Amino acid sequence: EDIRIVKSGSGGKISLSLQGMRVGGGHAEKQFYSVLEQDLVRSGWFAIVNKPTSTVQAGGSCTQEGGRLAAACDVRNAQTGKRYVSRVYTETPTRSRELAHTVADAIVEAVKKVSGIASTRIVLIGSKAGKKDLFVCGADGADMVQLTRDGAPCLSPTWSPRGDSLFYTSFH
């Protein structure tokens, strides 16, 4: 039997402009902006249009000073002026991806009233040299980390209810 997917809801994606977001010239700031844009698109809720006529406009800055990366974020409805987000988020420069995920999730939650997925961690079974082990990565597939190295077959990885532990079946 064929599977049919039917989209329901009130319409298409929300147009969002990131034109007002200014970033410094360093690697961390540029990576923050790139990951933020990708996360918002991946959420499925937004179309990045970067036009003054967009429904939602994001402004602010991302700068690195004193060993900290600061993302000042101001997100508003362009038609009504309603402020969705007005906050400064900080992180170490080496965690610019995580900072972008946090900001993207905050935007999704503020605008759509649903939890964002950008900060999600995914556990999966992968194979290196024919040996199956557990791996974990971000929702965007980045930062893949191998968790097991015993080469024993493993099945059904799942997160604990609190999300701080993994359970899986191993034939070790």
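Parameters at a glance
Residues numbered from 1 in each chain as written. Predicted model: local features only at pLDDT ≥ 70, side-chain atom pairs only at ≥ 80, totals over all residues. Heavy atoms only, no water. Helix = DSSP H or I, 4+ residues; strand = E, 2+ residues; numbered from the N terminus. Buried < 20%, exposed > 50% of the residue type's maximum accessible area, 1.4 Å probe, protein only. Polar contact = N/O pair within 3.5 Å; in protein donor to acceptor, adjacent residues only side chain to side chain. Contact = heavy atoms within 4.5 Å. Pairing = 2+ DSSP bridges. Salt bridge = Lys/Arg side-chain N within 4 Å of Asp/Glu carboxyl O. Core = buried A, V, L, I, M, F, W, Y, C linked by side-chain atoms within 4.5 Å. Right-handed = clockwise from strand over helix to strand, strands pointing away. Expected span 1.5 Å × (residues − 1).

Chemist: Can you break down the side chain of N77 residue by residue, with the values?
Modeler: In this structure, N77 sits in strand β4 (residues 68–77). Judged by its relative accessible area of 12%, N77 is buried. A polar atom in the side chain of N77 sits 3.0 Å from the backbone nitrogen of T80. Here N77 is in contact with T55, K82 and Y84, once residues within four sequence places are set aside.

Chemist: Please set out the sheet that holds strand β6 (residues 121–128) residue by residue, giving values where relevant.
Modeler: Strand order in the open sheet formed by 3 strands is β6-β7-β8, with antiparallel pairing between adjacent strands. Because the sheet does not close on itself, it has two edges, and the strands there are β6 and β8 (145–146). Sheet topology places β6 next to strand β7 (residues 131–138); 8 bridges connect them, and they run antiparallel. Counterpart to L124 in the pairing with β7 is F135.

Chemist: Any chance you could break down the environment of G24 for me, citing the residues and the numbers?
Modeler: Position of G24 among the secondary structure elements: in the loop between β1 (14–23) and α1 (27–42). Spatially, the C-alpha atoms of G24 and T63 are 5.3 Å apart, while their sequence positions differ by 39 residues. Those residues in contact with G24 that lie beyond four places of it in its chain are E29, K30 and C62.

Chemist: Account for the side chain of H101, with residues named and values stated.
Modeler: Its place among the elements puts H101 in helix α2 (residues 96–112). The buried category is assigned to H101, whose relative accessible area is 8%. The residues touching H101, leaving out its near neighbours within four places in the chain, are V35, D39, A118, S119 and D140.

Chemist: Kindly report on the pattern of salt bridges, identifying the contributing residues and their values.
Modeler: Pairing is possible between side chains of opposite charge, provided their charged atoms come close. In this structure the tally under the stated criterion is 8 salt bridges. The shortest N-O distance in the salt bridge between E98 and R95 comes to 3.8 Å. Look at E98 and you get partly exposed, because its relative accessible area is 26%. When the shortest N-O distance is used, the salt bridge between R97 and D143 registers 3.8 Å.

Chemist: Describe the nonpolar core, naming the residues involved and giving the relevant values.
Modeler: Core analysis: the largest hydrophobic core is formed by 29 residues, its most contacted members being L36, L40, V75 and I107. Of all the elements in the fold, those that place two or more residues in this core are β1, α1, β3 (56–65), β4, β5 (83–91) and α2. Top element by residues in this core is α2. It accounts for 8 residues. Residues within four places of L36 in sequence aside, it is in contact with L18, M21, A100, V103, A104 and I107.

Chemist: Can you explain the pairing of β1? Please cite residues and give values.
Modeler: On a regular strand, one side chain projects to one face of the sheet and the next to the other, so that they alternate. Bridge analysis of β1 against strand β2 (residues 46–48) gives 3 bridges, and the strand direction is parallel. Its bridge partner lying in β2, I14 is registered against F46. Chirality of the crossover, the property in question, places the unit of β1, α1 and β2 among those that are right-handed. In this sheet, β3 lies alongside β1 in parallel orientation, the contact comprising 6 bridges. Paired with V23 across the two strands is C62, which belongs to β3.

Chemist: So what's going on with α2? Residues and values would help.
Modeler: When the terminal C-alpha atoms of α2 are compared, their 24 Å separation across 17 residues agrees well with the 24 Å that a helix rising 1.5 Å per residue should span. Where α2 is concerned, the buried positions are S96, R97, L99, A100, H101, V103, A104, D105, I107, V108, A110 and V111. The secondary structure elements touched by the buried residues of α2 are β1, α1, β2, β3, β4 and β5. Immediately beyond the C-terminal end of α2, within one or two residues, lies K113, with a positive phi of roughly 65°.

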